[in-house]
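# Chains, contacts and geometry: an overview
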Amino acid sequence: MMYYAVLDTNVLISAMLKNNSVPGLVVAEALKGNIIPLINDAIITEYEDVFSRPKFSFDPKRVNIFLHEFIKRAIHVEGDILEEEIPDKDDAVFYAVLMEQRKDTDAYLVTGNMKHFPVRTYIVTPKEMLDIIEDGS
């Protein structure tokens with residue numbers, strides 16, 4: 001079974017820091033094709049900006065390969081910023097893409113920062129996303 005999901009930047013960063021972590025397993029599901037990532041240009045820019053922060057000291061070549069492979073498997077979704085109040089304004093684009101996709105099919109937003117988003121059953125932690133995949137197979 002395939003699942004559509006917006007992966008918050010913190011999930012990708014955690015996966016790159018420790019690929020055998022729970023976020024790493026979620027990203028592995030995306031790279032295997034079990035999760036179809038949902039992105040747009042603003043999300044890609046966010047990913048690139050955060051990955052290039054000096055505090056992470058990621059190898060730029062490794063980041064480029066990783067993001068290329070991740071984005072290659074993604075679907076571009078343009079979502080309008082919604083009227084709904086989002087606790088962290090920087091995350092509004094992630095929520096907008098999620099809600100646009102949900103007009104057509106089930107989709108999830110996977111984040112390690114639940115407090116940045118409204119409480120919804122389709123906004124899940126990486127562990128909850130793995131549980132959803134396990135329960136669906």
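Refer to the structure above for everything that follows.
Attention here is on the structure that accompanies the text. (Residues numbered from 1 in each chain as written. Predicted model: local features only at pLDDT ≥ 70, side-chain atom pairs only at ≥ 80, totals over all residues. Heavy atoms only, no water.)

## A short note on helix α4 (residues 60-72)
Worth spelling out the cut-off: Here a helix means four or more residues in a row that DSSP labels H or I, a strand means two or more in a row labelled E, and each is numbered from the N terminus. In this scheme, a helix's expected span is set at 1.5 Å multiplied by one less than its residue total. Every residue pair with non-hydrogen atoms within 4.5 Å of one another is taken to be in contact.
Here α4 is 13 residues long and its end C-alpha atoms lie 18 Å apart, about the 18 Å a rise of 1.5 Å per residue gives. Considering only its buried residues, α4 is in contact with β1 (3-7), α1 (9-17), α2 (22-32), β2 (35-39) and α3 (41-51).

## A short note on the pattern of salt bridges
How we decide: By definition here, a salt bridge exists when the distance from a side-chain nitrogen of Lys or Arg to a carboxyl oxygen of Asp or Glu is within 4 Å. Note on exposure labels: buried denotes an accessible area under 20% of the residue type's maximum, exposed denotes more than 50%, and partly exposed covers the range between, all computed with a 1.4 Å probe on protein chains only.
A complete count under the given rule lists five salt bridges for this structure. Across the pair K32 and E29 runs a salt bridge, and its minimum N-O distance is 3.2 Å. With K32 and E29 both in helix α2 and three residues apart, the pair spans about one turn of that helix. Of the charged contacts in the structure, one is a salt bridge between K72 and E69, with a shortest N-O distance of 3.2 Å. With K72 and E69 both in helix α4 and three residues apart, this pair spans about one turn of that helix. Judged by relative accessible area, which is 25%, E69 ranks as partly exposed.

## Brief notes about the packing of aromatic side chains
Basically, it comes down to this: When the centres of two rings from Phe, Tyr and Trp lie within 6.5 Å, Trp using its six-membered ring, the rings pair. Their planes under 30 degrees apart give stacked, over 60 give edge-to-face, and anything left gives tilted.
Overall, the coordinates contain seven aromatic pairs when judged by the stated rule. Judged by centre distance (5.5 Å) and plane angle (15°), the ring pair of F56 and F58 falls under stacked. A relative accessible area of 18% places F56 in the buried class. With relative accessibility at 13%, the residue F58 sits in the buried group. Seen in terms of ring centroids, F66 and F70 are 6.3 Å apart; in terms of plane orientation they differ by 25°. Their pairing is stacked. You can see F66 and its partner F70 sitting in helix α4, four residues apart, about one turn around the helix. Residue F66 is classed as buried on the basis of its relative accessible area of 13%. Classification of F70 by relative accessible area gives buried; the value is 1%. Ring-pair connections join several aromatic residues into one group, and the members of that group are Y47, F51, F56, F58, F66, F70 and F94.

## Details of the side chain of D91
Test applied: In this count, Lys and Arg are taken as positive residues and Asp and Glu as negative ones, while His and the chain termini are left out. As used in this structure description, the phrase polar contact means that two N or O atoms lie within 3.5 Å; if the pair is within protein, one of them must be able to donate a hydrogen and the other to accept it, and residues adjacent in sequence are counted only when both atoms belong to side chains.
Mapped onto the secondary structure, D91 falls in the loop between β3 (75-76) and α5 (92-101). It turns out D91 is buried and unbridged, and the closest side chain with the opposite charge, K115, is 8.7 Å from it. Within the local environment of D91, its side chain forms a polar contact with the side chain of H116, the two groups lying 2.8 Å apart. The residues touching D91, leaving out its near neighbours within four places in the chain, are D8, H116 and F117.

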